[in-house]
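Coordinates in review
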Amino acid sequence: QLPGKKDLFIEADLMSPLDRIANISILKHEVDKLYKVESRPALSTSDQFCFLVRPRIKTMRYIADIVNADKMSGRSRKYKIIFSPQKFYACEMVLEEEGVFGDVTCDEWSFYLLPLDEDIISMELPEFFRDYFLEGDHRWINPVARALQLLNSLYGPFGKAYGIGRCAKMSYELWRDLEEESEGDGQGRKPEIGNIFLMDRDTDYVTALCSQVVYEGLVDDTFRIKCGSVDFGPDVTSSDKSIKVLLNAQDKVFSQIRNEHFSSVFGFLSQKSRNLQAQYDRRRSMDIKQMKNFVSQELKGLKQEHRLLSLHIGACESIMKKKTKQDFQEMIKAEHSLLEGFDIRESTSFIEEHIDRQVSPIESLRLMCLLSITENGLIPKDYRSLKTQYLQSYGPEHLLTFHNLKRVGLLTEQSAGETLTAVESKVSKLVTDRAAGKITDAFNSLARKSNFRAISKKLGLIPRVDGEYDLKMPRDMAYVFSGAYVPLSCKIIEQVLERRGWLGLEEVVRLLNGNEFSVSGSASAGLGAGGPGAGGSDSTLPLLDSTVEDNPAWESQRIVLAVFLGGCTFSEIAALRFLGKERGCKFIFLTTAITNSARMMEAMIEAKA
């Protein structure tokens, strides 16, 4: 829509998603120069500037500066701003304040969903977590609802919808409204997704804070997987250059080890290399015709597999080196103690030592948050002492970080009156009246408690194991944390699907601060807490129910769309893939972004202006 020669400015974090769907030659259509937003353009001869950006205030100021500088020097050009995934009113306001609204034309590129793999779709909105859970900014709820609308139009109406969390509820309700307005494009299609489950990240911070030990999670924690690909440096490639590797189901080696516990990965890789060697050795006893077939059909595949194998072995060695340096075993031991609620004093001293040795500001914060959430807040003495030590070790600018962590409920201090919890719980049991319940809800949300211990007990998150937990042949989802803990988020999804609603989970919901819903059939518009369709508890997921087989839509009943608002970790993905295999269903993941503990902590640290 902008014919002729132009310069294109692209926002840095749109580069990786763009890379997955368009090569540079498509983008360079009549484009003279490509710039990264934030870089100051050199003197440009183009008469047109095009900006492909996220709807951010900071970026609007950057564009306004360029336009105003041109005005000052008497240079006239055309300016076009393309917002992705959509334009926000606040952006137009800033352009108007800066006096350039009349000089630019605006457009939207509705790029809501990026498939990272055959079962992972990401919205690539890492800022969603900070914007919604810290700043209380609701603007990203609209893109989530639109993404759901898009999936609905492609795969027909969702069968049953479940969810927990304020953001989940708002996104679902907005999506229903959008559906009613558009009179549903997907209504005529046969439903392909039987169940959808929406969950807020703050329903379960603990899982996101734990160190990951499945291979894909460790690769993400160590090298940072960005948009489904990872940069392996010289220490992995055993050469002097880095290689960018796409990690998905197409990678024959990776697809077999991605969900495995790290302890069984080395064994698998060495076995694989022996098999590969055996296949290479076959050629020694071949005649000419067989050799020709081997070279034309198998050799290329074997070489590719060999290259991937050596990369993953290199990655494993690099991970081992880094983790040995960081006393990884000690750290895991401390984490497990926190999850189980044993030796809290010992774990607290481990964290203090970690801070005093200045190992890493991010890791120290993560451990403090884990201590706080599992203990339902720190006792004032510990809170003050850890905070002081942290600020002395890593600098006073982190005062703001502590403020942010407190606001989102990641690192809190128990107040003096909290010894009354036992009495409070007795009172709340008496208060079944809806109106009174609403009042207690309001107070609850003011001081968001994690109640992790009570939830853990109710749902049996800490498996009782006799003898060693066999990580090679896992028996439940706890294997993703070495058998010490079943991820809370995954356990909730399992239980709700099993019971086909929240019936029997009332106590858990209360401890999780409510906002649950369950709606059967996409025609139902309203949301009841617990809602229609709750009930019918049987021991298998409804997806394995024999009555479902007679129903032509039974295939769709096996598909569950798990929507994580605020990010999802590779450990949760591995756990639910395992559950899917066990129960004969398939999970598809839709997340605002892939997250891990470091990304969560970084979102809380104030960016240096």
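Right above here is the structure, for reference.
Residues numbered from 1 in each chain as written. Predicted model: local features only at pLDDT ≥ 70, side-chain atom pairs only at ≥ 80, totals over all residues. Heavy atoms only, no water.

1. Comments concerning the pattern of salt bridges
We apply this condition: Basic side-chain nitrogens of Lys or Arg form a salt bridge, by our definition, when they fall within 4 Å of a carboxyl oxygen of Asp or Glu. Strands are runs of DSSP state E lasting at least two residues, helices are runs of H or I lasting at least four, and both sets are numbered from the N terminus onward. When a residue's accessible area, from a 1.4 Å probe over protein chains only, is under 20% of the maximum for its type it is buried; when over 50% it is exposed; and in between it is partly exposed.
Evaluation of the coordinates by the stated rule reveals 37 salt bridges. One salt bridge in this structure joins E335 and R366, with 2.8 Å as the shortest N-O distance. One end of the pair, E335, is in helix α14 (residues 328-340); the other, R366, is in helix α16 (residues 361-374), with 31 residues separating them in the sequence. According to the relative accessible area criterion, R366 is buried, its value standing at 0%.

2. Topic: the environment of R20
Stated precisely, the cut-off is as follows: Contacts described as polar in this section are N or O atom pairs within 3.5 Å, which, within protein, must combine one atom able to donate a hydrogen with one able to accept it, while residues neighboring in sequence count only if both atoms come from side chains.
Mapped onto the secondary structure, R20 falls in helix α1 (residues 12-21). R20 sits in the partly exposed class, given a relative accessible area of 25%. Residues R20 and P115, 95 residues apart in the sequence, show an inter-C-alpha distance of 9.0 Å. For R20, the side chain forms a polar contact with the main-chain oxygen of L116, separated by 3.3 Å. Side-chain polar atoms of R20 contact the backbone oxygen of C227, separated by 2.7 Å.

3. Details of the packing of aromatic side chains
Each aromatic ring pair is described using two quantities: the centre-to-centre distance and the angle formed by the ring planes. The line we're drawing: For Phe, Tyr and Trp, where Trp contributes only its six-membered ring, two rings pair if their centres lie within 6.5 Å, and the inter-plane angle classes them as stacked under 30 degrees, edge-to-face over 60, or tilted in between. Two conditions define a charge located above a ring, namely a distance within 6 Å from the ring centre to NZ of Lys or CZ of Arg, and an angle within 35 degrees of the ring normal.
One pass over the full model with this rule turns up 25 aromatic pairs. Here Y390 and F402 contribute two aromatic rings whose centre-to-centre distance is 5.5 Å and whose plane-to-plane angle is 75 degrees, an arrangement assigned as edge-to-face. You can see Y390 sitting in helix α17 (residues 380-394) and its partner F402 sitting in helix α18 (residues 399-408), a full 12 residues away along the chain. For F402, a relative accessible area of 2% corresponds to the buried category. Where Y479 meets F578, the ring centres are 5.5 Å apart and the plane angle is 55 degrees; that geometry is what we call tilted. Residue Y479 is located in the loop between α21 (452-459) and α22 (488-499), and its partner F578 is located in helix α26 (residues 570-583); the two are separated by 99 residues in the primary sequence. Look at F578 and you get buried, because its relative accessible area is 13%. Among the aromatic residues, ring-to-ring pairing joins F9, Y35, F49, F51 and Y79 into one connected group. Here the basic side chain of R176 rests over the ring of W175, its NZ or CZ set 5.0 Å away from the ring centre.

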